[in-house]
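This is what each chain is made of:
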Amino acid sequence: MIPVCRLEDLPQGESVRVETSPPVAVFRTDEGELYAIDDTCTHQDASLSEGWLEGCLVECPLHAASFDLRTGQPTCLPARRPVRTHRVTVDDGVVHVHLAAQEGTAA
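Residues numbered from 1 in each chain as written. Predicted model: local features only at pLDDT ≥ 70, side-chain atom pairs only at ≥ 80, totals over all residues. Heavy atoms only, no water.

(A) Main features of the environment of Ala64. Within the fold, Ala64 resides in the loop between strand E6 (57–59) and strand E7 (66–68). Overall, the relative accessible area of 34% leaves Ala64 in the partly exposed class. Along the backbone, Ala64 and His43 are 21 residues apart, and their C-alpha atoms lie at a distance of 10.0 Å. Apart from residues lying up to four places away in sequence, Ala64 is in contact with Glu59, Cys76 and Leu77. (Helix = DSSP H or I, 4+ residues; strand = E, 2+ residues; numbered from the N terminus. Buried < 20%, exposed > 50% of the residue type's maximum accessible area, 1.4 Å probe, protein only. Contact = heavy atoms within 4.5 Å.)

This is the structure in structure tokens:
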């Protein structure tokens, strides 16, 4: 479990990048939902935390690939591979990310 920031410091419709390995992006939608995905677009190295958030979709700032924050699945080309999703919790007003196991590693 990795502390990210206070919930009040992550405005709705915004995101924050967490410097893990690999980096993770935490998003707070306009509806207040929290999601976390690997921050790097699977099409080409670009930070998804710098992309555009619309509902539960984030659009990569480089080539407009879009990912569903709930599943990590790409919703349009040029991305073809999903990004990993991570569980997010809020404890005592602090947002935490629970990193999912990387492919090929034990959970």
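Next comes the rest of the account.
(B) The sheet that holds strand E1 (residues 2–6), seen in detail. Taken together, six strands build an open sheet; the order of strands is E1-E10-E9-E4-E3-E2 and the sheet is antiparallel. Unpaired on one side and paired on the other, E1 and strand E2 (14–18) mark the two borders of the sheet. Ignoring which end each strand starts from, the neighbouring axes of this sheet average 30 degrees apart. Examined bridge by bridge, E2 and strand E3 (residues 24–28) share five bridges and lie antiparallel to one another. (Pairing = 2+ DSSP bridges. Axes fitted to C-alpha atoms, helices over the stretch in contact; angles between N-to-C directions.)

So far we have only geometry, and geometry alone does not tell us how the molecule works.
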